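Structural description and commentary
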Amino acid sequence: MPSSSTAPRPRVRLTRPSWLSPRVARTEILAGLVVALALIPEAISFSIIAGVDPSIGLFASFTMAVVIAVVGGRPAMISAATGAIALVVAPLAREHGLGYLLATVILGGLIQVMLGALGIAKLMRFVPRSVMVGFVNALAILIFLAQVPELIDVPWPVYPLFAGGLVLMVLFPKLTKAVPAPLVSIVALTALTVAAGIAVPTVGDKGALPDSLPVPGIPDVPFTLGTLTLLAPYAFAFALVGLMESLMTAKLVDDITDTRSSKTRESIGQGVANIVTGFFGGMGGCAMIGQTMINVRTAGARTRLSTFLAGAFLMVLCIVFGPVVSDIPMAALVAVMVLVAFGTFDWHSVAPATLRRMPAGEITVMVVTVGVVVATDNLAIGVVAGSLTALVVFARRVAHLVGVTSAVDPDGGQVVYAVTGELFFASSNDLVGRFDYAGDPDQVVIDLTDARIWDASTVAALDAVIGKYAARGKEVELVGLNGHSATMHDRLSGNLTPH
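Keep in mind the model is a prediction, meaning the values are calculated, not measured.

**Here we look at the side chain of Ser485**
By the element assignment, Ser485 lies in helix α19 (residues 483-492). Separated by 2.9 Å, the side chain of Ser485 and the backbone nitrogen of Ile453 make a polar contact. Beyond its immediate sequence surroundings of up to four residues, Ser485 is in contact with Ala451, Arg452 and Ile453.

Below, the structure is given as structure tokens:
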């Protein structure tokens, strides 16, 4: 028998990351380049909204993308400076300056890490499909509306350039998909405008590009309780808005790619990325929906490499190729974003055939989500409003599924009420009025075999029913309680109202 020392050793198979495949790497590299080009004017615009120098938004987009590519839970999703975050921090930056903004970004990132560790991502299971559809349609509308100002009061050549960009992106994929159509469109339109000397708005008109990498530093704020009190409300709003948009976008990418992601890791990763961003002088950010759709849906990226390269290329384009990038016509980027908006919108959800089959409550939830998002320009507020509307619709629907039927014994000495359905605050509120207290015999049986008690409101309602019968000298017996219902009733009955 051979000794163990001469026994063959098991062969260890090393798996190569998918992004090392030449075909995948090419897709990821080109996708990262397209996203980086689209990030530049967006980051500058959001910097203006926040009231800070354009470099602050560009630094945020760089650090957010690079860090989240490593620590995030959703491969291929793009995180950068966003409009929602800009709106949250704008009042603070305007009133107290850049140092306080950066401190808020760091504190908001710490809150996101804590919320992620506490499992806030699990709340995503309570977001209904109708809210998700509304979210998708609303973001498509917002992406489109954000492009409209770039097409108003502009030189007439903008319009043929814009139309040409759309046509090129629609037709080019019919020839080949080896190179992303948006990249071809941007390069072609830039070459045309520069060669022909066409005077149209360009990326350079949005603001000056940085000429060096960001340098780490500590925010210039006093480390006092007063500072913490000032920053806390902004930081908490920053954390919630950022996580809401990031988790909803991650879920959308999950559906598009038919893969699963770690929402807890993404929540913590967003916090880590914002902490790093704050120390490197960025305005903070979260998942960027429009650029994510370019990366995943338009360019076909699927790995972390595209996210990392989007941030890396952003700085390379700004620092090394700044003069060239500044000449990119805005019409080319607007065409890209309009096509993204068109492709993002769920047209099936608004088709007449779909609307005819869809329950009215589901349509209401979707419309509320879209309406609130468009009205507030805030996806997080719209999702909360849509989810609350869905909760009300669900409660009303379930409340009507509770039934109470009665049967009197032949001798007339006893009546049996059979209660069916889910009993909670919405369905049990009218339970008290379903009994004939004056006309019933002295013995009353309430059969709850086909019902379930969910909350204290139901126990209080049953106590009220028993009390009304007792006031008339009649006895009530509850039968058929399942284990959960019996435990809740025994624990709460008689203890919900003062004696």
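Continuing now.
**A look at the layout of surface pockets**
If you add up the space inside the largest pocket, you get close to 760 Å³. Going through the elements one at a time, α1 (22-50), α3 (83-96), α5 (129-147), α10 (289-298) and α13 (330-344) are the ones with two or more residues in the lining of the largest pocket. In terms of residue class, the lining of the largest pocket is made up of 21 nonpolar, seven polar and five charged.

**Concerning empty space enclosed by the protein**
On inspection of all chains with the given rule, the structure shows one cavity of 30 Å³ or more. Reported here for the largest cavity is a volume of approximately 40 Å³. In terms of lining, the largest cavity is formed by Glu150, Val158, Pro201, Met330, Ala331 and Val334. Per element, the largest residue contribution to the lining of the largest cavity is three residues, and it comes from α13.

**Digging into the packing of helix α7 (residues 181-196) against α13**
Taken N-terminus to C-terminus, the directions of α7 and α13 make an angle of 160°; their axes are 9 Å apart at the nearest point. With respect to their mutual orientation, α7 and α13 come out roughly antiparallel. The two elements α7 and α13 cross, and the hand of that crossing is right-handed. Taken together, the residues of α13 that come into contact with α7 (itself represented by Pro182, Ile186 and Leu189) are Ala332, Leu333 and Val336. The class makeup of the residues in the contact of α7 with α13 is six nonpolar, no polar and no charged.

**Describing the nonpolar core**
The biggest cluster of nonpolar side chains holds 97 residues, and the ones touching the most others in it are Ile40, Leu58, Phe135, Met283 and Leu314. With 21 residues, the next largest nonpolar core counts Val415, Val419, Val459 and Val465 among its residues.

**Some points on helix α6 (residues 158-175)**
Look at α6: 26 Å from first C-alpha to last across 18 residues, which is about the 26 Å you get at 1.5 Å a residue. In the structure, α6 departs most strongly from a straight axis at Met169, where the bend amounts to approximately 25° and where the proline Pro173 lies between one and four residues downstream. Those residues of α6 not exposed but buried are Val158, Leu161, Phe162, Gly165, Met169 and Phe172. Next to the buried residues of α6 lie α7 and α13.

**A few points about unusual backbone geometry**
Of note in this structure, Ala76 is not a glycine but carries a positive phi near 75°. Here Ala76 lies in the loop between α2 (54-71) and β1 (79-80). Look at Ala76 and you get buried, because its relative accessible area is 2%. One non-glycine residue, Asp153, lies in positive phi territory at about 55°.

**Details of the packing of aromatic side chains**
Inspection of the entire model under this criterion finds seven aromatic pairs. Here the aromatic rings of Tyr437 and Tyr469 are separated by 4.8 Å at their centres, their planes lie at 55°, and the arrangement is tilted. A residue pair is termed long-range when its members are at least 10 positions apart, and Tyr437 in the loop between α17 (425-428) and β5 (443-453) and Tyr469 in helix α18 (residues 456-470) qualify at 32 residues. Classification of Tyr437 by relative accessible area gives buried; the value is 10%. Taken together, the ring pairs in this structure connect Tyr417, Phe435, Tyr437 and Tyr469 into an aromatic cluster. The ring of Tyr437 carries the charged tip of Lys468 above its face, separated from the ring centre by 5.9 Å.

Conventions we followed
Residues numbered from 1 in each chain as written. Predicted model: local features only at pLDDT ≥ 70, side-chain atom pairs only at ≥ 80, totals over all residues. Heavy atoms only, no water. Helix = DSSP H or I, 4+ residues; strand = E, 2+ residues; numbered from the N terminus. Polar contact = N/O pair within 3.5 Å; in protein donor to acceptor, adjacent residues only side chain to side chain. Contact = heavy atoms within 4.5 Å. 1 Å grid on protein atoms, 1.4 Å probe; cavity = no way out; pocket = protein on both sides within 12 Å on 5 of 7 lines; lining within 4 Å. Points joined across faces, edges and corners; volume = space filled by probe spheres on them. Nonpolar A, V, L, I, M, F, W, Y, C, P; charged D, E, K, R; others polar. Axes fitted to C-alpha atoms, helices over the stretch in contact; angles between N-to-C directions. Parallel < 35°, antiparallel > 145°, perpendicular 65-115°, else oblique. Left-handed = near helix turned anticlockwise from the far one by under 90°. Core = buried A, V, L, I, M, F, W, Y, C linked by side-chain atoms within 4.5 Å. Buried < 20%, exposed > 50% of the residue type's maximum accessible area, 1.4 Å probe, protein only. Expected span 1.5 Å × (residues − 1). Bend = angle between axes of the 7 residues up to and from the residue. Phe/Tyr/Trp six-rings, centres within 6.5 Å; stacked < 30°, edge-to-face > 60°. Lys NZ or Arg CZ within 6 Å of the ring centre and 35° of its normal.

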